[in-house]
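# Examining the three-dimensional arrangement
Each chain is listed here by its residues.
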Amino acid sequence: MELIEETISAVRPLDEAAMQDAREHQARLTKPPGALGVLEEISVRLAGLAGVCPPPLPEPAAVAVFAADHGVHAQGVTPWPQEVTAQMVANFLAGGAVVNAFAAQVGARVNVVDVGVAADLPPAPGLLSRKVAYGTADLTLGPAMTQEQVRRAVETGIEVARDLVAAGNRCLITGDMGIANTTASAALIAACTGRTPEEVTGRGTGIDDVTHSRKIEVVRRALARHEPVITRAFGDGSTDHEGEGGREPAVRDVLRVLAALGGLEHAAIAGFILGAAALRVPVVLDGVIAGSAALIAVALAPEAVQCCVAGHRSAESGHAATLAHLGLRPLVELDLRLGEGTGALLALPLVQSAVRVLHEVATFDSAGVTDKTGESA
């Protein structure tokens, strides 16, 4: 069996017994029922993911920043030169980027994965050289990737997830770097959700009105060019991640959409999510690039959404549509639009705290505290 299909087959539903144990344990803790809100929901879901209550603490954590370039850059969708991708990779490796500062704050390790940078990068500590191609082709002129390239990129993400978990990490965090990658993200989001280019195409690095209009038109042209592939996989895009009202698309059809519209980092992040889901390890998603990749991962394996925690809601318009489609509630909303994994890193302590409650907070009985029924130990 191919690695992608093997990984998909290993993605299973949450363990209902472990989730019920977690709910009952939450009800016995020294706090009013439901007082921790969304954090209680996360703790229950992570118990179901691990199949045990309490679940393992989601630490240590590791960030994988997948870096790649995009042929659609030639369409003038951003004022930033393509060389910035390689320059920012060097900045990550030197420890000078925001992702490095935030990772240091929360004790996470940064790993940079060259899956498709359009330059030769010298070996460096923290760099994983997994280059599939020197960037993608222009998605408005044809498929961004070949079928071989998209498979290799997804497999790369699966392998990185496996390696990081084998190294002892118990929580994975998505990161990305790629000039023009929000254009590919918008195209993927529109294809997967049925939303219009106007609804899902944001301003990325802060482009002006003229460039934004051009970017929307580029996304529209890409969708029109690849409409037969999109329709074959998703129909009218009206179904949610649970497949209500429609069939689950075939793996080959989803990969064709990803090849047509995505970037090498999108494909790798989709594989990263699948790999984590198969290993029952939570993934904290960053912004719009991770979200668009998650749409692909969930189209390939619907239960993969259960391993995903939405770290934040990006200022990019397409991200809100993505989270709504996936049914994920973001933990942080600070109008961030940087990428790199920064928003997910800010949310990591919240995810860890949600699980720590199950490990360390006393029950009414053990603490001798009277509960609302008037009973105590």
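Residues numbered from 1 in each chain as written. Predicted model: local features only at pLDDT ≥ 70, side-chain atom pairs only at ≥ 80, totals over all residues. Heavy atoms only, no water.

## Topic: the overall build of the protein chain
Check the secondary structure of the protein chain and you find 16 helices and six strands. A globule of 377 residues ought to have a C-alpha radius of gyration of about 21 Å, and the protein chain, at 21 Å, matches this closely. Viewed in the frame of its principal axes, the protein chain has a C-alpha envelope of about 70 × 50 × 45 Å. Contacts in the protein chain between residues far apart in sequence, at least 24 positions, make up 76% of those at least 6 positions apart. Within the structure as shown, the protein chain displays about 14,900 Å² of accessible surface, and the carbon and sulfur contribution to it stands at 51%. Between the centroid of the 29 positive side chains of the protein chain and the centroid of its 43 negative side chains there is a distance of 2 Å. (Helix = DSSP H or I, 4+ residues; strand = E, 2+ residues; numbered from the N terminus. Rg over C-alpha atoms; globule rule 2.2 N^0.38 Å. Contact = heavy atoms within 4.5 Å. Areas by Shrake-Rupley, 256 points an atom, 1.4 Å probe, with all protein chains shown as cover. Lys, Arg positive; Asp, Glu negative; His and termini not counted. Charge placed at Lys NZ, Arg CZ, Asp CG, Glu CD.)

## Focus: the nonpolar core
Taken as a class, soluble globular proteins show a tendency for nonpolar side chains to be buried jointly. Ranked by internal contacts, the top residues of the largest apolar core, which has 126 residues, are Leu-172, Leu-258, Leu-261 and Ile-273. Each residue touching Leu-258, except ones within four places of it in the same chain, is listed here: Met-145, Val-150, Val-154, Leu-188, His-266, Ala-267 and Ile-296. (Core = buried A, V, L, I, M, F, W, Y, C linked by side-chain atoms within 4.5 Å. Buried < 20%, exposed > 50% of the residue type's maximum accessible area, 1.4 Å probe, protein only.)

## Section: the sheet that holds strand 2 (residues 109-116)
The six strands lie next to each other as 3-2-1-4-5-6, forming an open sheet whose pairing is parallel. Because the sheet does not close on itself, it has two edges, and the strands there are strand 3 (127-129) and strand 6 (308-310). Neighbouring strand axes in the sheet, compared pairwise and without regard to direction, differ in orientation by 30 degrees on average. The sheet contact formed by strand 2 and strand 3 spans three bridges and is parallel. (Pairing = 2+ DSSP bridges. Axes fitted to C-alpha atoms, helices over the stretch in contact; angles between N-to-C directions.)

## Considering the confidence of the model for the protein chain
In this model, the protein chain carries a mean pLDDT of 94, and residues with pLDDT of at least 70 account for 94%. Residue range residues 238-245 is modelled with pLDDT below 50. Its contacts to residues more than four positions away, or to other chains, number 11 contacts. (pLDDT = per-residue confidence, 0-100.)

## Digging into the pairing of strand 1 (residues 61-68)
Counting buried positions along strand 1 gives eight out of eight residues, so the element sits mostly inside the fold. Going residue by residue along strand 1, you find Ala-61, Val-63, Val-65 and Ala-67 tucked away on one face and Ala-62, Ala-64, Phe-66 and Ala-68 tucked away on the opposite face as well. For strand 1 and strand 4 (residues 171-177), the ladder comprises seven bridges, and the chain directions are parallel. Of the residues in strand 4, the one forming a bridge with Phe-66 is Asp-176. Pairing analysis gives seven bridges linking strand 1 to strand 2, with the strands arranged parallel.

## Re the packing of helix 2 (residues 16-28) against helix 3 (residues 38-50)
One can describe the packing of helix 2 onto helix 3 by two numbers: an axis separation of 7 Å at closest approach and a directional angle of 145 degrees. As for the relative orientation of helix 2 and helix 3, their crossing is right-handed in sense. Of helix 3, the residues touching helix 2 (which contributes Ala-18, Met-19, Ala-22, Arg-23 and Gln-26) are Glu-40, Ser-43, Val-44, Ala-47 and Gly-48. Grouping the amino acids of the contact of helix 2 with helix 3 by side-chain chemistry returns five nonpolar, three polar and two charged. (Left-handed = near helix turned anticlockwise from the far one by under 90°. Nonpolar A, V, L, I, M, F, W, Y, C, P; charged D, E, K, R; others polar.)

## Focus: the pattern of salt bridges
In the structure shown here, the tally under the stated rule is 13 salt bridges. Here Lys-31 and Glu-40 are joined by a salt bridge, their closest N and O atoms 2.7 Å apart. No difference in accessibility class separates Lys-31 from Glu-40, as the two residues are buried. With a shortest N-O distance of 3.2 Å, Asp-253 and Arg-256 are connected by a salt bridge. Of the two residues, Asp-253 and Arg-256 are both situated in helix 11 (residues 251-261); the distance of three residues between them amounts to about one turn of the helix. (Salt bridge = Lys/Arg side-chain N within 4 Å of Asp/Glu carboxyl O.)

## Brief notes about the state of the cysteines
Counting across every chain of the model gives zero disulfides. Cys-307 carries a free sulfur, and the closest cysteine sulfur to it, the one in Cys-308, is 4.1 Å from it. Here Cys-307 falls in the buried class, since its relative accessible area comes to 1%. For Cys-308, a relative accessible area of 1% puts it in the buried group. (Disulfide = S-S within 2.5 Å.)

## Quick look at the environment of Gln-26
Mapped onto the elements, Gln-26 comes out in helix 2. When neighbours within four sequence positions are excluded, Gln-26 is seen to be in contact with Lys-31, Glu-40, Ser-43, Val-357 and Leu-358.

## A word on helix 10 (residues 227-234)
In an α-helix, one turn spans 3.6 residues; hence positions three or four apart end up facing the same way. Listed in full, the buried residues belonging to helix 10 are Ile-230, Ala-233 and Phe-234. The buried residues of helix 10 occupy an angular sector of 75 degrees when projected down its axis, which confines them to one face. The inward-facing, buried residues of helix 10 abut helix 7 (181-193), helix 9 (209-225), helix 11 and helix 13 (288-300). (Arc of directions from axis to C-beta.)

## Some points on the packing of aromatic side chains
One pass over the full model with this rule turns up one aromatic pair. The residue whose ring lies beneath Lys-131 is Tyr-134, and the NZ or CZ to ring-centre distance is 4.8 Å. (Phe/Tyr/Trp six-rings, centres within 6.5 Å; stacked < 30°, edge-to-face > 60°. Lys NZ or Arg CZ within 6 Å of the ring centre and 35° of its normal.)

## Let's talk about unusual backbone geometry
With an omega dihedral of 0 degrees, the bond running from Cys-53 to Pro-54 counts as a cis peptide bond. In this structure, Pro-54 sits in the loop between helix 3 and strand 1. Here the residue pair Glu-59 and Pro-60 is connected by a cis peptide bond, since its omega of 0 degrees sits within 30 degrees of zero. Examined against the element boundaries, Pro-60 turns out to sit in the loop between helix 3 and strand 1. Residues other than glycine seldom take positive phi values, yet Ala-180 does so here, at roughly 85 degrees. Tracing the backbone through its elements, the reader meets Ala-180 in the loop between strand 4 and helix 7. Positive phi, close to 60 degrees, is recorded for Asp-335, a residue that is not glycine. Topologically, Asp-335 is positioned in the loop between helix 14 (317-326) and helix 15 (342-360). Judged by its relative accessible area of 61%, Asp-335 falls in the exposed class.

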